[in-house]
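Each chain, letter by letter, is given below.
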Amino acid sequence: MNTIRVLPEILANKIAAGEIVERPASVVKELLENSIDAHSRAVYVSVQSGGKRFIQVRDDGDGMNQDDAILAFEHHATSKLQTAEDLGAIATLGFRGEALPSIGSVSRLTMRTRPRDPELVSGTEVEIQGGVLRSVKPVPWNDGTEITVRDLFFNIPARRKFLRSHDTELGHIARLVTHYALAHPEIRFTLESEGRALIDAVAVADLRERIYQIFGEGFLDNLVELSGQAGSVRVRGFSSRPHEQRTNPYSQFFYVNRRMVRDKVIASAIRQAYRNCIPASAYPVVILFVELPFDEVDVNAHPAKTEIRFRDQGAVHDLVLETIESALVRSATIPEYQYREYAAPDFQRAAAPYVMPPLQNQPDRADAFDFTPPSVSPNPFQRALNYPFREVPAAIPARHEDHSLLPIRPDMLVGSALDPAGPFQSGSVRILGQLQDSYIIGCDSQGLLIIDQHVAHERILYETLASAVQGSVVETQGLLVPLSLELPPHQAALLERMIPELNRNGFVVEPFGGSSVLIRSVPAIAGDSDCRRLLSEILEGLEREERTLDVDRIRDRICVSTACRAAIKVNMPLTPEKMQWLLDRLALTRIPTNCPHGRPIILRFTMYEIERNFGRV
Ligand code: ADP
Ligand code: MG
């Protein structure tokens, strides 16, 4: 008996749809691309429940007559491609003729459309349910097309189950609309969720104005403009100065011929361009357009069309790298190369004898341009450290970098078993002074101690704040003049749900029209730190969490960010009293040895270590 069977059409279509329609944002993507291909000047997107219940995209583009409106839902039906040669040089965003039938097979879909044809008196309404054509009828309609998608995956419970929370899905949709809005400043884009406008960007002259519309004032100040060309490949856009870092890649927008793409070649060129000026765990902001002849890129690599292949990927890589590097150099923001040595603690290696590195191993001029990270070598300070010192992220930012961007180490938040060497006691420490206004130098019977003042204070503030939040006694401080903060649309969507927890942590924040918020009060502990920056940092951190945010996670993120922002900085002179206060308070914390990101607070240089290095033992 034969066992192979051709699948029934409806089942085959559901399977095929799975590749294109992964989540609500994929529907929005396909519909937006169709609207852009149809020469629209305005595209309105409206969603409910993160798009799970309702997605509507309306445009004022070319529209369709009745025959086309029906044909559009046939598989492989497209107006954008005719011959096999066309496939070699695709100039439109769509070409597969698969999106509408796929979306129609996994939802309840209604389309209303009318072409720009004065002869036609009415438009057409088509209804599809789970891939079955339910009705076609004439309706009064203006030019353009409106597609409404309800109950996505109603007939594929397995897929529906894997959708994330409303906020997460809405975040994906907001990023998607932002993506295409940046690529097409000449088109008006709006996005509303449950009646609230998250994006409203009217048509403008260029990318710079569009960036201003979407991300608000100040955002452009931290970007440098990119422009480069090599042969037939052109690169343009903006990327951030090194101090402007993000904890997630959500502020990276890549396009090839104005198609949004996910591309490893571009991503790796960007990483390389920034490798020496931002920590490995941070992401720069990048809005990058690669333009090249249509026949030099294959866009038919994946059903979702976000993966592409360059004919000459080396050329694209090098051009992106050089363009960003030279823009950073021109804006004089690349810091001098710093030789960073950071030994990952390894107790086996720690037991090995310390050998002075031979001179030729020191970085010389030539090495200084080879930006590969220096190899890890044992370092007397870490080796001699007597406090618990678990594994620490390999790339530690240079000390002027913003280490609040590092991921939080859950095991560093509250105390666990302390090291056998015994807890840190400030009473036995004599303070000798301050090194470069950044480190407290002290000694005790065992040797020399170096304490990083910023992370020490951060640890103290973190524990104070965390226990205040626990006991609901957070002190808040009203701002004399409330501060307004413009958020990127995807963060504005997130903020709303965070408000109650922010309140419990001492923030009074309220929506203020569009994607702006008003900050009225902040935790008293935050003092006069930059409240706008603090709030954006908290949201950025929360955004990275793909899992449903629970109260503890939100709380940790808020406490850690607040503590880091509020802590005294490096390069700040301290009086002996202040230093003593810091050490006394540090000794009272549960983990005086590491900050919540896992960085060490205290380095110890034992007498044995000192004497051995002087050749006395
Ligand atoms: P593709 O975009 O790959 O051609 P789709 O399934 O997305 O395939 O759409 C099928 C066809 O329907 C398109 O080729 C286009 O002719 C028509 N179409 C879809 N959306 C619109 C729209 N918003 N305005 C005008 N025509 C559209
Ligand atoms: Mg399409």
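Residues numbered from 1 in each chain as written. Chains lettered and ligands numbered in written order. Predicted model: local features only at pLDDT ≥ 70, side-chain atom pairs only at ≥ 80, totals over all residues. Heavy atoms only, no water.

Regarding the packing of helix α6 (residues 166–183) against helix α14 (residues 489–504)
Phase 1: Remark: α6 packs on α14, axes separated minimally by 7 Å, with the N-to-C direction vectors making an angle of 160°. It follows that α6 is roughly antiparallel to α14 by the angle criterion. Remark: the crossing between α6 and α14 carries right-handed chirality. Side by side, α6 and α14 meet where Asp167, Leu170, Gly171, Ala174, Arg175 and Thr178 of the first sit next to Pro489, His490, Ala493 and Arg497 of the second.
Phase 2: Of the residues that constitute the contact of α6 with α14, the class distribution is 4 nonpolar, 3 polar and 3 charged. (Axes fitted to C-alpha atoms, helices over the stretch in contact; angles between N-to-C directions. Helix = DSSP H or I, 4+ residues; strand = E, 2+ residues; numbered from the N terminus. Parallel < 35°, antiparallel > 145°, perpendicular 65-115°, else oblique. Left-handed = near helix turned anticlockwise from the far one by under 90°. Contact = heavy atoms within 4.5 Å. Nonpolar A, V, L, I, M, F, W, Y, C, P; charged D, E, K, R; others polar.)

Looking at unusual backbone geometry
Phase 1: Phi at serine 472 is positive, roughly 50°, even though this residue is not glycine.
Phase 2: Phi is positive for asparagine 571, which is not a glycine, with a value near 60°.
Phase 3: Along the chain, asparagine 571 turns up in the loop between α16 (551–566) and α17 (576–588).

Notes on the packing of aromatic side chains
Phase 1: Inspection of the entire model under this criterion finds 3 aromatic pairs.
Phase 2: Aromatic pair phenylalanine 215 and phenylalanine 219: ring centres 4.4 Å apart, planes at 15°, arrangement stacked. Per residue, the accessibility class of phenylalanine 215 equals that of phenylalanine 219, and both read buried.
Phase 3: Taking 6.1 Å as the distance between ring centres and 55° as the angle between the ring planes, the aromatic pair formed by phenylalanine 215 and phenylalanine 253 counts as tilted. One end of the pair, phenylalanine 215, is in helix α7 (residues 207–215); the other, phenylalanine 253, is in strand β12 (residues 252–256), and 38 residues separate them in sequence. Per residue, the accessibility class of phenylalanine 215 equals that of phenylalanine 253, and both read buried.
Phase 4: Ring pairs connect the aromatic residues Phe215, Phe219 and Phe253, which therefore count as one cluster.
Phase 5: Positioned over the ring face of tryptophan 581 is lysine 578, at 5.0 Å from the centre of the ring. (Phe/Tyr/Trp six-rings, centres within 6.5 Å; stacked < 30°, edge-to-face > 60°. Buried < 20%, exposed > 50% of the residue type's maximum accessible area, 1.4 Å probe, protein only. Lys NZ or Arg CZ within 6 Å of the ring centre and 35° of its normal.)

Comments concerning the site of ligand 1
Phase 1: Around ligand 1 there are 19 residues in total, and Asn34, Thr78, Ser79, Lys80 and Gly97 lie nearest to it.
Phase 2: Take threonine 78: an N or O atom from its side chain is 2.6 Å from an oxygen atom of ligand 1.
Phase 3: In this structure, threonine 145 approaches ligand 1 through a side-chain N or O atom, which is 3.3 Å from a nitrogen atom.
Phase 4: Summarising the interface, the protein chains cover 93% of the accessible area of ligand 1, which totals 530 Å² for the free molecule.
Phase 5: Considering every element that reaches the shell around ligand 1, the biggest residue donor is helix α4 (residues 99–105), with 3 residues.
Phase 6: For the shell around ligand 1, the class distribution of residues is 8 nonpolar, 7 polar and 4 charged. (Near = heavy atom within 4 Å. Polar contact = N/O pair within 3.5 Å; in protein donor to acceptor, adjacent residues only side chain to side chain. Areas by Shrake-Rupley, 256 points an atom, 1.4 Å probe, with all protein chains shown as cover.)

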